[in-house]
Amino acid sequence: GFSDINSTLLDSMSMALQKEGGVLIDATIEQIQVENEWTDYVLVEIVDSTKFIFVATEQIIKVDSDTIFTFTPNTNQLVIDHYYRNEFNMLSLLSGNLSQIKVGEVQKRIRDAIINFTIPQIESRGKIWINSKTYHPIRIVLEDDLENHTTITINSVKSLSYQNQYHDYDSAGWEIIDLRE
């Protein structure tokens, strides 16, 4: 049916982002909220589907299966909390965990495909541009009814080298705030 071929595209994207040996994504995120506009440059290392790290200018967010670590270098604080894989967030999108996405119409073009989707859980909708050969995401746009608008431009997707940062971040030397109790 209609959604089979479309979800196959998303499955292929997930597989491309969670491939053996890991993936390094280099992306630019632009967020526009009612009064507020912000752009950041991020690196995302996906070691595997349960281990990934998101390195942004002000924060480093590391996920290790059901635990999320948020490092804030400016304040030297580390917040530790539960990570719920089935709750949608920006990290889910970028790490290839697309289970919360409901696929709508797909436009297939020569070099890419555009997938329209909704995320009922957070009442948002968006589009993903996917490269037809590599199945890597090219751009992701997310918006909601409150006129919050996020555009993620994927600058590159490469294999993760041994020089990854995932293992560099541990709790030693940080002021720890543990919210898991």
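Refer to the structure above for everything that follows.
Undergrad: Mind laying out the overall build of the protein, listing which residues take part and the relevant values?
TA: Counting secondary structure elements, the protein contains 2 helices and 12 strands. Overall, the protein shows an N-to-C arrangement of helices and strands of α-β-β-β-β-β-β-α-β-β-β-β-β-β. Taking 16 Å as the expected radius of gyration for a compact globule of 181 residues, we find that the protein reaches 17 Å, a close match to that expectation. The C-alpha extent of the protein, read off along each of the three principal axes, is 50 × 40 × 30 Å. Expressed as a percentage of its 181 residues, the buried residues of the protein come to 42%. Taking the contacts inside the protein whose residues are at least 6 apart along the sequence as the reference set, 44% of them involve residues at least 24 apart. Within the structure as shown, the protein displays about 10200 Å² of accessible surface, and the carbon and sulfur contribution to it stands at 49%. Here the protein carries 14 positive and 27 negative side-chain charges, and the mean point of each set is 11 Å from the other.

Undergrad: Which residues make up the pattern of salt bridges, and what are the values?
TA: In this structure the tally under the stated criterion is 5 salt bridges. In this structure, aspartate 145 and arginine 125 form a salt bridge, with 3.1 Å as the shortest nitrogen-oxygen distance. With aspartate 145 in the loop between β10 (137-144) and β11 (149-159) and arginine 125 in strand β9 (residues 124-131), the pair connects residues that are 20 residues apart, well separated along the chain. Arginine 180 is the salt-bridge partner of aspartate 178, the closest N and O atoms lying 2.7 Å from each other. Where salt bridges share partners, they join Arg125, Glu143 and Asp145 into one cluster.

Undergrad: Can you break down the pairing of strand β5 (residues 67-72) residue by residue, with the values?
TA: In terms of residue burial, β5 counts as a mostly covered element, since 6 of its 6 residues are buried. Where burial is concerned, the two faces of β5 agree: the one with Thr67, Phe69 and Phe71 and the one with Ile68, Thr70 and Thr72 are both buried. Here strand β4 (residues 60-64) runs beside β5; their pairing, made up of 5 bridges, is antiparallel. Directly across from lysine 62, in β5, lies its bridge partner phenylalanine 69.

Undergrad: Before we move on, can you summarise unusual backbone geometry with the specific residues and values?
TA: Note: most peptide bonds trans; most residues except glycine with negative phi. Positive phi, close to 60 degrees, is recorded for asparagine 76, a residue that is not glycine. Among the structural elements, asparagine 76 can be located in the loop between β5 and β6 (77-82). Judged by relative accessible area, which is 36%, asparagine 76 ranks as partly exposed. Positive phi, normally seen in glycine, also occurs at glutamate 147, with a value near 65 degrees. By the secondary structure assignment, glutamate 147 is in the loop between β10 and β11.

Undergrad: Which residues make up the sheet that holds strand β2 (residues 36-48), and what are the values?
TA: Across the sheet, which stays open at both edges, the 12 strands sit in the order β7-β8-β9-β10-β11-β1-β2-β3-β4-β5-β6-β12 with mixed pairing between neighbours. Edge positions in the open sheet fall to β7 (102-108) and β12 (175-178), since each of these has one partner strand only. Averaged over neighbouring strand pairs, the angle between their axes works out to 20 degrees when direction is ignored. Across 5 bridges, strand β3 (residues 51-55) lies against β4 in antiparallel orientation.

Quick notes on the rules
- Residues numbered from 1 in each chain as written.
- Predicted model: local features only at pLDDT ≥ 70, side-chain atom pairs only at ≥ 80, totals over all residues.
- Heavy atoms only, no water.
- Helix = DSSP H or I, 4+ residues; strand = E, 2+ residues; numbered from the N terminus.
- Rg over C-alpha atoms; globule rule 2.2 N^0.38 Å.
- Buried < 20%, exposed > 50% of the residue type's maximum accessible area, 1.4 Å probe, protein only.
- Contact = heavy atoms within 4.5 Å.
- Areas by Shrake-Rupley, 256 points an atom, 1.4 Å probe, with all protein chains shown as cover.
- Lys, Arg positive; Asp, Glu negative; His and termini not counted.
- Charge placed at Lys NZ, Arg CZ, Asp CG, Glu CD.
- Salt bridge = Lys/Arg side-chain N within 4 Å of Asp/Glu carboxyl O.
- Pairing = 2+ DSSP bridges.
- Axes fitted to C-alpha atoms, helices over the stretch in contact; angles between N-to-C directions.

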